[in-house]
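Below are the chains, spelled out letter by letter.
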Amino acid sequence: MSCAMRAVFQWAALLVPALSVLIAAAGCTEGEDGARLLRFVSWKPNQPEVWDEAIALFERENPGVRVVREIAPHSSTVYHDLLAQKLKNRDPSVDVFLMDVVWPHEFASAGWALRLDEFFTPDRRAPFFEAAVEADTYRGGIYGVPLYISGGLLYYRKDLLRRYGFEPPRTWPELVRQAEAIRAGEKDPDLYGYSAQFKQYEGLVCNMQEIILSGGARLFDAASGRTFLSAPRAVEAVRFARDELVGRAAPRGVLAYQEPESLDLFIQGGAVFHRNWPYAWEAANNPARSKVAGKVGVAPLPAFEDGGAVAALGGWHMAVSSFSRNVELAWRFVEFMTGERMQKFFALRAGVPPARRSLYADPEVLERNPHFAALREVFENASPRPRTPYYTALSHILQKYFSSALSDRRSDIASLARRADEETAALAARYGYGGNSAGASFSGSFPP
Ligand code: GLC
């Protein structure tokens, strides 16, 4: 079987692990034309052409090397499960992969991500944001290299806010009031107030973390692994999201929206406000894609009266598979993509915030992304999701809870929250969790 064919079969074979092992056994590090093959697994990017160009550049500068890509669906949750299955099978057809900021502890403790200490040395880590490097650090080792950082932001229709004399809302209730006033004035049945990500997947955790923490509640205690979903403030914040956002400012369709669908509504002119990651700026202001190009402003997300604005820390990192037979070449690719030149390229072309601090003083980056200067602080202070080797299992409990609380107008939020707290406590106990945010005293084995 040719390597290209094999790549196609790889995803299909995930459903039949035995088949995957057979295919992997036929693994090749060389193409039929003698090229050295480097296998790179990622999600479906928002701007595929930008990635195509970056990879073509790497190939041009590394004659004789060909990057074979496997592209999974866009959802972080779906991509995680496909990738984890491959790594669990010790599939040697993965050399390098993109890793969500919340995965390194799981991938390190499971032995899937290669420890990179000898490549990504402390002096090479210094130019990156500390929080991003910390996310890649597990029990003193380093398992990934930050490609870009991210944080939730509020996009708004500058033209509409101006027409009604509004400043970007500082509180969630203000956002709802402004949206209602604008909708009443515009009399456009296709204009909604708010668009965000409320489908049951990883993005829902980010959206709800922002809403809950911005009301002054806590979500997670790193030392015990406990969650505080049933604390009154947390319940109140979820009730607000159910009744005022999902049930009022936003169309009910948001319950099925991930980033692309929610962005689409906004750039079609269908929403006054939109929560998304920084890349949405490029898309919303690109006249080839957006009906509202030039009419979009961006600000920190709102908070509740007695809280403060919170952005969930997002971002993607690059890691080398522990089962790669091509480690030197894999590292060359990671180093190339995460270097200053390519981080600048991605910032200019895809509007993603670099993980390297120096680029925030780069005039071209700032000209293209004027909001980076003011919002750098938002990215830097963004609130991380829990860092634990069992984050994925924890996230599934949170996703299920948020989704059932939001999608049924009569849901008994307090009791659903209590049940979710019990489930997360049982999970923490099962994993023997007694660690801190660096995972240093996680005492269980993974997977259990
Ligand atoms: C973005 C973030 C990532 C997050 C995901 C959720 O891709 O960078 O960290 O998990 O959105 O949808």
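These numbers come from a predicted model, not from an experiment.

Q: What am I meant to see in the overall build of the protein here?
A: The secondary structure content of the protein amounts to 19 helices and eleven strands. Relative to the globule expectation of 22 Å for 448 residues, the C-alpha radius of gyration of the protein, 22 Å, shows essentially globular dimensions. Its C-alpha atoms give the protein principal-axis dimensions of about 65 × 50 × 40 Å. When the 448 residues of the protein are sorted by exposure, 59% land in the buried category. At a minimum sequence separation of 6, the contacts of the protein that also span at least 24 residues come to 73%. Approximately 17500 Å² of the protein is accessible, and the part contributed by carbon and sulfur atoms is 52%. Side-chain charges of the protein comprise 51 positive and 52 negative groups, with the mean position of each set lying 2 Å from the other.

Q: What am I meant to see in unusual backbone geometry here?
A: Apart from glycine, the bulk of residues carry a negative phi angle, and the bulk of peptide bonds sit in the trans form. A positive phi angle is found at Arg139, which is not glycine, with a value near 45°. With respect to the secondary-structure elements, Arg139 resides in the loop between β4 (137-138) and β5 (141-142). Look at Arg139 and you get partly exposed, because its relative accessible area is 44%.

Q: How should I be thinking about the pairing of strand β6 (residues 145-151) in this particular structure?
A: Along any regular strand, the residues point their side chains to alternate faces of the sheet. With respect to burial, β6 is a largely interior element, seven of its seven residues being buried. Relative to strand β11 (residues 313-320), β6 runs antiparallel, the two being bridged by six bridges. What sits directly across from Tyr148, in β11, is Trp316.

Q: Would you mind going over the sheet that holds β6 with me for this structure?
A: Backbone hydrogen bonds are what pair the strands of a sheet, in a parallel or an antiparallel way. With mixed pairing, five strands are arranged side by side in an open sheet as β2-β1-β3-β11-β6. A strand with exactly one partner marks an edge of an open sheet, and here the two such strands are β2 (65-72) and β6. For this sheet, the mean inter-axis angle between neighbouring strands, taken without regard to orientation, is 20°. Bridge count for strand β1 (residues 36-43) against β2 is eight bridges, and the pairing is parallel. Along β2, the bridge assignment pairs Leu37 with Arg66. Across the sheet, helix α4 (residues 76-88) is in contact with β1, β2, β3 (96-100) and β11; its angle to β3 comes to roughly 135°.

Q: Hey, could you run me through the sheet that holds strand β10 (residues 296-299) in this one?
A: Ordered in space as β8-β9-β7-β10, the four strands form an open sheet in which the pairing is mixed. Taken across any chain shown, the strands that pair with only one partner, and hence form the sheet edges, are β8 (192-195) and β10. On average, each strand axis in the sheet is inclined to that of its neighbour by 20°, with strand direction left out of account. Bridge count between β8 and strand β9 (residues 271-276): three bridges; the pairing is parallel.

Q: Looking at this structure, how should I read helix α3 (residues 48-61)?
A: Relative to the 20 Å expected for 14 residues at 1.5 Å per residue, α3 spans 20 Å between its end C-alpha atoms, a close match to the ideal helical length. The elements touched by buried residues of α3 are β1, β2, β3, β6, α14 (327-338) and α15 (340-350).

Q: Where do I start with the site of the ligand in this structure?
A: Near the ligand you find Asp100, Val101, Tyr201, Glu202, Gly203, Glu259, Trp277, Gly314, Gly315, Trp316 and Arg385, and these make up its full shell. In this structure, an oxygen atom belonging to the ligand sits 2.8 Å away from a side-chain N or O atom of Arg385. Relative to its unbound accessible surface of 310 Å², the ligand loses 93% to contact with the protein. Under a 2 Å grid-point criterion requiring more than half of the atoms, the pocket assigned to the ligand is the largest cavity. Elements with a contribution of two residues or more to the shell around the ligand: α10 (202-213) and β11. No other element matches β11, which puts three residues into the shell around the ligand. Its residues assigned to classes, the shell around the ligand shows four nonpolar, three polar and four charged.

Q: Can you walk me through the confidence of the model for the protein in this structure?
A: Low-confidence regions, as indicated by low pLDDT, have predicted coordinates that should not be scrutinised in detail. In this model, the protein carries a mean pLDDT of 91, and residues with pLDDT of at least 70 account for 90%. Taken together, the stretch residues 1-9 has pLDDT below 50 and engages in 19 contacts with residues farther than four places along the chain or on a different chain.

Q: What exactly am I supposed to notice about the pattern of salt bridges here?
A: Pairs can form between side chains of opposite charge once their charged atoms are near each other. Under the counting rule described, the total for this entry stands at 24 salt bridges. For Glu61, the salt bridge is made with Arg341, and the minimal N-O distance between the two is 2.7 Å. On the criterion of sequence distance, the pair formed by Glu61 in helix α3 and Arg341 in helix α15 is long-range, its members being 280 residues apart. Its relative accessible area of 46% is what places Arg341 among the partly exposed residues. Between Asp91 and Lys86 there is a salt bridge whose closest N-O contact spans 3.6 Å.

Q: How should the environment of Gln47 be read in this particular structure?
A: By the element assignment, Gln47 lies in the loop between β1 and α3. Spatially, the C-alpha atom of Gln47 lies 23 Å from that of Pro363, the residues being 316 residues apart in sequence. Among all residues touching Gln47, those that are not within four sequence positions of it are Tyr279, Glu282 and Ala350. A polar contact of 3.1 Å, which involves the side chain of Gln47, links it to the backbone oxygen of Ala350.

Q: Explanation requested: empty space enclosed by the protein in the structure shown.
A: Remark: the empty space left among the atoms is shown by a probe the size of a water molecule rolled over them. The final tally for this structure, using the stated rule, is five cavities of 30 Å³ or more. Taken as a whole, the largest cavity holds about 270 Å³ of empty space. Taken together, 20 residues make up the lining of the largest cavity; nearest its centre are Trp43, Asp100, Glu259, Trp277 and Trp316. Those elements that provide at least two residues to the lining of the largest cavity are β6, α10 and β11. Looking at the lining of the largest cavity, its residues break down into nine nonpolar, seven polar and four charged. Put simply, the second largest cavity is a space of about 100 Å³. Residue lining of the second largest cavity: Trp43, Pro45, Asn46, Gln47, Trp51, Tyr148, Tyr279, Phe346, Ala350 and Val352, and that is the complete set. Taken together, the residues of the lining of the second largest cavity break down into eight nonpolar, two polar and no charged.

What counts and what doesn't
- Residues numbered from 1 in each chain as written.
- Predicted model: local features only at pLDDT ≥ 70, side-chain atom pairs only at ≥ 80, totals over all residues.
- Heavy atoms only, no water.
- Helix = DSSP H or I, 4+ residues; strand = E, 2+ residues; numbered from the N terminus.
- Rg over C-alpha atoms; globule rule 2.2 N^0.38 Å.
- Buried < 20%, exposed > 50% of the residue type's maximum accessible area, 1.4 Å probe, protein only.
- Contact = heavy atoms within 4.5 Å.
- Areas by Shrake-Rupley, 256 points an atom, 1.4 Å probe, with all protein chains shown as cover.
- Lys, Arg positive; Asp, Glu negative; His and termini not counted.
- Charge placed at Lys NZ, Arg CZ, Asp CG, Glu CD.
- Pairing = 2+ DSSP bridges.
- Axes fitted to C-alpha atoms, helices over the stretch in contact; angles between N-to-C directions.
- Expected span 1.5 Å × (residues − 1).
- Near = heavy atom within 4 Å.
- Polar contact = N/O pair within 3.5 Å; in protein donor to acceptor, adjacent residues only side chain to side chain.
- 1 Å grid on protein atoms, 1.4 Å probe; cavity = no way out; pocket = protein on both sides within 12 Å on 5 of 7 lines; lining within 4 Å.
- Sits in = over half its atoms within 2 Å of the grid points.
- Nonpolar A, V, L, I, M, F, W, Y, C, P; charged D, E, K, R; others polar.
- pLDDT = per-residue confidence, 0-100.
- Salt bridge = Lys/Arg side-chain N within 4 Å of Asp/Glu carboxyl O.
- Points joined across faces, edges and corners; volume = space filled by probe spheres on them.

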